Each structure stands twice: as structure tokens, then as C-alpha cells.
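# Examining the three-dimensional arrangement
In case you want the letters, here they are:
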Amino acid sequence: MGSEIDDKKRRTDDGHHGHSHGYSDAHRTRSRLPVTVLTGYLGAGKTTLLNYILREQNDKKLAVIENEIGEVSIDDALVENKHQDMAEELVLLDNGCICCTVRGDLIQTLHKIGAKYVSGGAHLDGVLIELTGMADPAPVVQTFIVDDDVKRCFYVDNVVTLVDAKHAIEKLDESKGDPEKGTACAQIAFSSTVLLNKIDLVDGAHLDKVRMRIKELNAAAEIIPCQQSQAPMDKLFNVGAFNLEKVLDEQYMDEEEFRRFYQPKMDRSVSNVGVRCEGAVMMFAFQRFLDRYLSTEEQAKDFLRVKAVLNVAGSQDKFVLQCVHMLRNQGFTKPWAPGEKRENRIIFIGRAMQPRRQELTEGFKACLATQPLRFPVNTPIFAKVGAGDNDWMRGVVIAHWNECNAYRLRLEDGDEVHAPLDLDFFVKKA
Ligand SMILES: Nc1nc2c(ncn2[C@@H]2O[C@H](COP(=O)(O)OP(=O)(O)OP(=O)(O)O)[C@@H](O)[C@H]2O)c(=O)[nH]1
């Protein structure tokens, strides 16, 4: 690795490969549409940023190209006030990764946008492209210098890389010096702006370490510490921040080499397992299922990202889960629409997911309420009220699936309690 870089540097220093200045020349960018590329590792905050930009820039007309990969598509349901409503155009490329398999689709999409808005005269202020967490942004940048039609209509205005302050060092350590796992490094190396996000999760000393690691990879990018991906708009959009020459310089590469020989850094050890099924999820069982994988740092190491939209027994609202390793963000969002299929969708993204496919699929399905509850309302029961063998109290069932618990029970002393699952462990026949 080191010698390859040294060799490239030597050739650059010798002047055998001069840089082309054409692409980054400001005068050529004026009549073209600015493109902001949003990149960053899984769960770093890209979608949060996309929504933020769209909210803040609501006086602008922006086209959004979103790339999602995974056996089960979830992102469309993940965010409240979904940005579809706000974007002028939204194109989802979900057939593979934009930096390799669907690069042709990206070019086609850009041609269409170019034809409609640039040549066709309709108004558009810019394009936002959100990459998947596993994508290397370099091939996307390449598209804007290699394809003549694309080049005529668009220019890369800013490559914004989201970095998760809590998990970045671990990701960069894994990524360093390994071309197969080089994604996290490439995302920073190719950026013009780095949003050092999630600063609420780390202390100042840790933040300084992450900042140093970013600088080692890219001394030219501006680093902006932030929370919830919120950075000043004048640093993000329509700023003319991206300069290919500078980026390539940092990597001892010249444009010709970049155009012709750049190999995308794809972390092929990351895969995903998705489950899609109908039925009502028992909340208590589901949380215990997640605990099996996400309750310690060690267990959660392989689980880079878990996302789900679920139909939970006892609720009329969608339940949305977003995890980045151990960190769980979850809660009920909006109600299921009348007539909408209440389908559960969950995706596990990480390392060694394939050997866990059966276990994850069966484990998730075991959280579904497949049997009717044993005790009708008003049935007298014994409820478990403590940890001891004899800690049972008489009571009566007063409701089913109450606050996501199987039963609400009224005890003989007048108190009311929940039995989370319909098991003899919690509630039994009187
Ligand atoms: N604590 C904390 N959480 C944040 C912050 N910014 C975003 N998040 C949460 O991090 C999770 C991932 O955020 P997303 O914006 O979906 O990340 P992403 O990069 O789009 O994720 P992928 O598309 O799966 O790669 C969500 O649960 C966010 O609410 C932050 O500043 N602090």
C-alpha cells in the first residue's frame, strides 16, 4: 500500500502526469447545475442531513437522487415528513450500489434531469445525491468528469461526508490499509466538507482524536462539528467547495489516472439480511430478540445498522427502529393508513450476516403473535407480581394488548399491572 502511494507521488512530483485544470475551473461551472453528494458510513446521518437541507432550502427547487441497497427497502418509511414532498424530483436507485452496479442508472437519471431542466428550460436550483453507507463517492465524482452530457449540465459543488464521531475511529481502523474495506477512508479522502456529526455522544478529547484522523486522510476538507447533521447552509449547498484537483493531490493521483484506473473501495464483507412479513409483533419479545444481538459492544460489533418499520400488537401506529451498533432509536410514528398493508420490514446490515440469516429470520418471526390470547377479558387469573416462586396474586383480565403488553390485569388489591406476554411465566389460570 505504502509503496504504491510513494510511487504515485514520485510520478506526480516528476511531472509525468500533469493535472488537468478544466474540471474545477469556476467559469465553466456557472451555467451548470450544482450537485451536492452526501456520503458517509452506515448510520452516520446522511438522511438526517438530506431532510435538513430540504427543510432549510424550501425556497429552492432541488432534485434528489437516493441510492439504497438491501433486500428490503425501508428508507421510504423511515423518516417523518418524508422528503418526497419537499423535493422537486425524487429518484430512488435501489437496484444496487451507485458506485458500481447502478452507475449506468445514475447517468441516465442525470441525462433526464439535464434534458428537462437545463436544456428544457424548467427551473431547478440543484441536485442532491445521497449515497449508501457502503459506497465510495469517487466513482460518482468520476461520472461528472467522464460523461460529456453529464459534464455539460452539472458540476460537483460539494462532496459532504458525514462522520459518526462515536464510531468513526473503529471504522477507520478497520478500513485503513485494506483496499477491500477502504470505504470509510475513501469517503473522507474524496470529500470537500466533513460533517463531524453526533458530537453529543463523545467528549472533547475523543472529538480531537477523530478530527486528527480526518485530517490525516484529507487535510484540505473543511471539518464542521455538528449534531443532527445541522451545519450552516452556506457551507453545504451551492458553495463551490469541491475541487477535484485538490482532492486528487491529497491522494497523489492525477486526473488521468483517476479517470481510467480508479478502483472503487467497496467493503464486500458487509452484507444484509432482510425480513418482510405480515403479522403483529409482540413488543416485549422483539426487544428481547434485539437484546440478544445489541446489548453489549462485543455482540453489536457486527451489526453496523438495523432498521425496521413494524406493526406492533396493540398499536395503530407504525413503529420505527433505527440502530447503529448498540445505539437504538425507536418509537411510534404515524398511524397506518386505512387499507394500508401492515407489513413488517426489518433489515440487518453488517458483517457475517449471511451465516446468521436463518437465525435472524426465525428469531424475528418468533416475535409475531400467532396465537389468540388464552384468557378472555374478565377471566380470573393469577398474576406474577415478584421474583419469588410464590409471588403470585389473584386478579382479573381487564384488557388485551394494552400499551403493547398482552394483558392489562386488575389485581385483588386494586392495583393494575401488565403481563407483557401470554406465558405462564407472567400470567396463569386461577
Ligand atoms: N445521538 C445522535 N444521533 C444522531 C445524530 N444525527 C443522527 N442521529 C441518528 O443516527 C441514526 C442514523 O441516522 P441517518 O440519518 O438515518 O443515517 P444514514 O447515514 O442516512 O444511515 P444509512 O442510510 O443507513 O447509512 C438515526 O437514528 C438518527 O436519528 C446526532 O447528532 N446525535
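Residues numbered from 1 in each chain as written. Predicted model: local features only at pLDDT ≥ 70, side-chain atom pairs only at ≥ 80, totals over all residues. Heavy atoms only, no water.

- The chain goes by CBWD5 protein in an unreviewed UniProt entry, where it is assigned to Symbiodinium natans.

## A short note on the sheet that holds strand β11 (residues 327-335)
- Strand order in the open sheet made by the 5 strands is β8-β12-β9-β10-β11, with antiparallel pairing throughout. Taken across any chain shown, the strands that pair with only one partner, and hence form the sheet edges, are β8 (270-278) and β11. When strand polarity is set aside, the average angle formed by the axes of neighbouring strands in this sheet is 10°.
- Two elements, β8 and strand β12 (residues 343-351), share 9 bridges in a ladder whose sense is antiparallel. Bridging from a neighbouring strand, glutamate 278 pairs with glutamate 343 of β12. (Pairing = 2+ DSSP bridges. Helix = DSSP H or I, 4+ residues; strand = E, 2+ residues; numbered from the N terminus. Axes fitted to C-alpha atoms, helices over the stretch in contact; angles between N-to-C directions.)

## Let's talk about the side chain of threonine 193
- Mapped onto the elements, threonine 193 comes out in strand β6 (residues 193-197).
- With relative accessibility at 2%, the residue threonine 193 sits in the buried group.
- A distance of 2.9 Å separates the side chain of threonine 193 from the side chain of asparagine 158, its partner in a polar contact.
- Apart from residues lying up to four places away in sequence, threonine 193 is in contact with Asn158, Val159, Val160, Thr161, Ala221, Glu222, Ile224, Lys235 and Ala241. (Buried < 20%, exposed > 50% of the residue type's maximum accessible area, 1.4 Å probe, protein only. Polar contact = N/O pair within 3.5 Å; in protein donor to acceptor, adjacent residues only side chain to side chain. Contact = heavy atoms within 4.5 Å.)

## Here's the deal with the nonpolar core
- Residues Phe286, Phe364 and Tyr407 are the most contacted members of the largest nonpolar core, which totals 42 residues.
- Among the secondary structure elements, those contributing two or more residues to this core are β8, α12 (283-294), β9 (303-311), β10 (317-324), β12, α14 (357-365), β13 (380-384) and β15 (405-411).
- Ranked by the residues each element gives to this core, the list is headed by α12, at 7 residues.
- Once you skip the residues sitting within four places of it in the chain, phenylalanine 286 turns out to touch Val281, Leu310, Phe319, Leu321, Ile346, Phe364 and Cys367.
- Ranked by size, the runner-up nonpolar core spans 39 residues in total, among them Ala63, Ile98, Cys153 and Val156. (Core = buried A, V, L, I, M, F, W, Y, C linked by side-chain atoms within 4.5 Å.)

## Things to note about the environment of methionine 353
- Structurally, methionine 353 is set in the loop between β12 and α14.
- Judged by its relative accessible area of 0%, methionine 353 falls in the buried class.
- A sequence separation of 81 residues divides methionine 353 from asparagine 272, and the C-alpha atoms of the two residues are 6.0 Å apart.
- Not counting the four nearest positions on each side in its chain, methionine 353 is found in contact with Ser271, Val273, Asp302, Phe303, Phe348 and Leu360.

## Structural notes on the pairing of β15
- Counting buried positions along β15 gives 5 out of 7 residues, so the element sits mostly inside the fold.
- Pairing between strand β14 (residues 392-402) and β15: 6 bridges, direction antiparallel. In the strand pairing of β15, valine 397 is matched with leucine 409.
- Linking β15 to strand β16 (residues 416-419), which pair antiparallel, is a turn of 4 residues; within it glycine 414 sits at a positive phi near 95°.

## Concerning the domain arrangement of the chain
- Each domain of the chain was delimited in the assignment, giving domain 1 (2-261), domain 2 (271-365) and domain 3 (380-429).
- Domain 1 puts 23 residues into the contact, and the matching count from domain 2 is 24 residues.
- For the pair domain 1 and domain 2, the two sides together bury roughly 2,000 Å², of which 59% comes from carbon and sulfur.
- Applying the counting criterion to the domain 1 and domain 2 interface returns 1 salt bridge.
- The partner of arginine 351 in a salt bridge is glutamate 174, with the nearest N and O atoms 2.8 Å apart.
- Counting across the interface, domain 1 meets domain 2 through 2 residue pairs in polar contact (both at pLDDT 80 or more).
- Secondary-structure elements contributing two or more residues to the side of domain 1 that touches domain 2 are α3 (75-78) and α7 (168-175).
- Here the side of domain 1 that touches domain 2 takes 4 residues from α3, the largest share from any one element.
- In terms of residue class, the side of domain 1 that touches domain 2 is made up of 8 nonpolar, 4 polar and 11 charged. (Domains from an automatic or database assignment. Buried area = accessible area lost by both parts, 1.4 Å probe. Salt bridge = Lys/Arg side-chain N within 4 Å of Asp/Glu carboxyl O. Nonpolar A, V, L, I, M, F, W, Y, C, P; charged D, E, K, R; others polar.)

## Thoughts on the pattern of salt bridges
- Here the structure, examined in full by the defined rule, presents 19 salt bridges.
- In this structure, arginine 356 and aspartate 302 form a salt bridge, with 3.2 Å as the shortest nitrogen-oxygen distance. In this pair, arginine 356 sits in the loop between β12 and α14 while aspartate 302 sits in the loop between α13 (297-300) and β9, placing the two residues 54 residues apart along the sequence.
- For the salt bridge of arginine 408 with glutamate 416, the shortest nitrogen-to-oxygen distance reads 2.9 Å.
- Under the relative-accessibility criterion, glutamate 416 is labelled partly exposed at 36%.
- A network of salt bridges, in which partner residues are shared, links Glu403, Arg408, Arg410 and Glu416.

## Brief notes about unusual backbone geometry
- Of note in this structure, serine 229 is not a glycine but carries a positive phi near 55°.
- By the secondary structure assignment, serine 229 is in the loop between β7 (222-225) and α10 (244-250).
- With a relative accessible area of 0%, serine 229 lands in the buried category.
- In this model, asparagine 378 sits at a positive phi of 80°, which is unusual for a non-glycine residue.
- Among the structural elements, asparagine 378 can be located in the loop between α14 and β13.
- Asparagine 378 sits in the exposed class, given a relative accessible area of 61%.

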